[in-house]
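# Report on the structure
Letter by letter, the chains look like this.
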Amino acid sequence: MSRSPFLIALCLAVSMTVAARPASGAEAPFEPGLMRLAEILGSLHFLRNLCGEKGDQWRGEMEKLLDSENPDPERRARFIASFNRGYRSFGGTYAQCTTSATEAISRYMKEGETLSRDIASRYGN
């Protein structure tokens, strides 16, 4: 779980680079990736707290993403729904930290890093 500073830095870099893009009527090509990233942050918020990490680090990262994107109300609601979906998806499955939960944390950390890196490299300045 030592990769979390790297994931946080990548999330911030992604949000800063894509936030500078002009708005258009059609969905931006990076939008599904950002929504998935929000879902991953929600999952990590639930799982890492379940497994002993106390605090709001991952919710804080979601707030940073929202602040940097500065979305309109409809898009903001989609971001929040994605975060909440990620959080709830594990809330009904895990009541305590298990080997499976720690494996899910590892997979989500890796997916979040990859997704952040891909979005930043494809759509960043």
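Scroll up to find the structure this text is about.
Residues numbered from 1 in each chain as written. Predicted model: local features only at pLDDT ≥ 70, side-chain atom pairs only at ≥ 80, totals over all residues. Heavy atoms only, no water.

## Comments concerning the nonpolar core
Worth spelling out the cut-off: Nonpolar core, defined: a set of buried Ala, Val, Leu, Ile, Met, Phe, Trp, Tyr and Cys residues in which side-chain atoms within 4.5 Å join the residues together. Relative accessible area decides the class of each residue, using a 1.4 Å probe on protein chains only: under 20% of the type maximum gives buried, over 50% gives exposed, and in between gives partly exposed. Where helices and strands are cited, they refer to DSSP runs of H or I of at least four residues and of E of at least two residues respectively, numbered from the N terminus. In what follows, a contact means two residues having at least one pair of non-hydrogen atoms within 4.5 Å.
Of all hydrophobic cores here, the largest spans 25 residues; its most connected members are Leu 44, Leu 47, Met 62, Phe 79 and Phe 90. Among the elements of the structure, α2 (31-50), α3 (57-69), α4 (73-91) and α5 (99-123) are those that each provide at least two residues to this core. With 9 residues, α2 is the single largest residue contributor to this core. When sequence neighbours within four positions are dropped, the list of residues in contact with Phe 79 reads Glu 31, Leu 34, Met 35, Ala 38, Met 62, Leu 65, Leu 66, Glu 69 and Pro 71.

## Here we look at the packing of α2 against α5
To keep things clear, this is the line we draw: Here an angle of 0 to 180 degrees is reported between the N-to-C directions of two axes, which are lines fitted to C-alpha atoms, with helices fitted over the stretch in contact. The scheme is simple: roughly parallel for angles under 35 degrees, roughly antiparallel for over 145, roughly perpendicular for 65 to 115, oblique for anything else. Left-handed describes a crossing whose near helix is turned anticlockwise from the far helix by less than a right angle; the clockwise case is right-handed. The residue classification treats Ala, Val, Leu, Ile, Met, Phe, Trp, Tyr, Cys and Pro as nonpolar and Asp, Glu, Lys and Arg as charged. All others, Gly included, are polar.
Between α2 and α5, whose axes approach to 10 Å, the crossing angle comes to 150°. Relative to α5, α2 is oriented roughly antiparallel. The way α2 lies across α5 gives a crossing that is left-handed. Where α2 approaches α5, its residues Gly 33, Leu 34, Arg 36, Leu 37, Ile 40, Ser 43, Leu 44, Leu 47 and Arg 48 are matched on the opposing element by Ala 101, Ala 104, Ile 105, Tyr 108, Met 109, Glu 111, Gly 112, Leu 115, Ser 116 and Ile 119. Of the residues assigned to the contact of α2 with α5, the class counts are 12 nonpolar, 4 polar and 3 charged.

## Re the environment of Arg 107
Tracing the sequence through the fold places Arg 107 in helix α5. On a C-alpha basis, the gap between Arg 107 and Ile 40 in space is 9.9 Å, while along the polypeptide they are 67 residues apart.

## A look at the packing of aromatic side chains
Where we set the bar: For Phe, Tyr and Trp, where Trp contributes only its six-membered ring, two rings pair if their centres lie within 6.5 Å, and the inter-plane angle classes them as stacked under 30 degrees, edge-to-face over 60, or tilted in between.
Here the structure, examined in full by the defined rule, presents 4 aromatic pairs. Among the aromatic residues, ring-to-ring pairing joins Phe 90, Tyr 94 and Tyr 108 into one connected group.

## Here's the deal with the state of the cysteines
In plain terms, the rule: The criterion for a disulfide is a pair of cysteine sulfur atoms lying within 2.5 Å.
All told, the structure shown has 1 disulfide when counted by the stated rule. Between Cys 51 and Cys 97 runs a disulfide, and the two sulfur atoms are separated by 2.0 Å. A torsion of 95° about the S-S bond marks the disulfide between Cys 51 and Cys 97 as right-handed. Remark: Cys 97 occurs in the loop between α4 and α5 and Cys 51 occurs in the loop between α2 and α3; sequence separation between them is 46 residues.

## Structural notes on α5
An α-helical turn contains 3.6 residues, so any two residues separated by three or four positions project in the same direction. Heads up, the rule is: What a helix should span is 1.5 Å times the count of its residues minus one.
Helix length check: α5 (25 residues) gives 36 Å between terminal C-alpha atoms against 36 Å at 1.5 Å per residue, within 8%. Listed in full, the buried residues belonging to α5 are Ala 101, Ala 104, Ile 105, Tyr 108, Met 109, Gly 112, Glu 113, Leu 115, Ser 116 and Ile 119.

## Remarks on α3
Applied cut-off: Taken from the helix axis, the directions to the C-beta atoms give the arc we talk about.
Relative to the 18 Å expected for 13 residues at 1.5 Å per residue, α3 spans 18 Å between its end C-alpha atoms, a close match to the ideal helical length. Restricting attention to buried positions, one finds in α3 the residues Trp 58, Glu 61, Met 62, Leu 65, Leu 66 and Glu 69. Each buried residue of α3 sits inside an arc of 140° when the element is viewed along its axis, so together they form one side. At the exit of α3 stands Asn 70, carrying a positive phi of roughly 45°.

## Quick word on the side chain of His 45
Take His 45: it is sitting in helix α2. Relative accessible area serves as the criterion here: at 5%, His 45 is assigned to the buried category. The residues touching His 45, leaving out its near neighbours within four places in the chain, are Gly 55, Asp 56, Trp 58, Arg 59, Phe 83 and Tyr 87.

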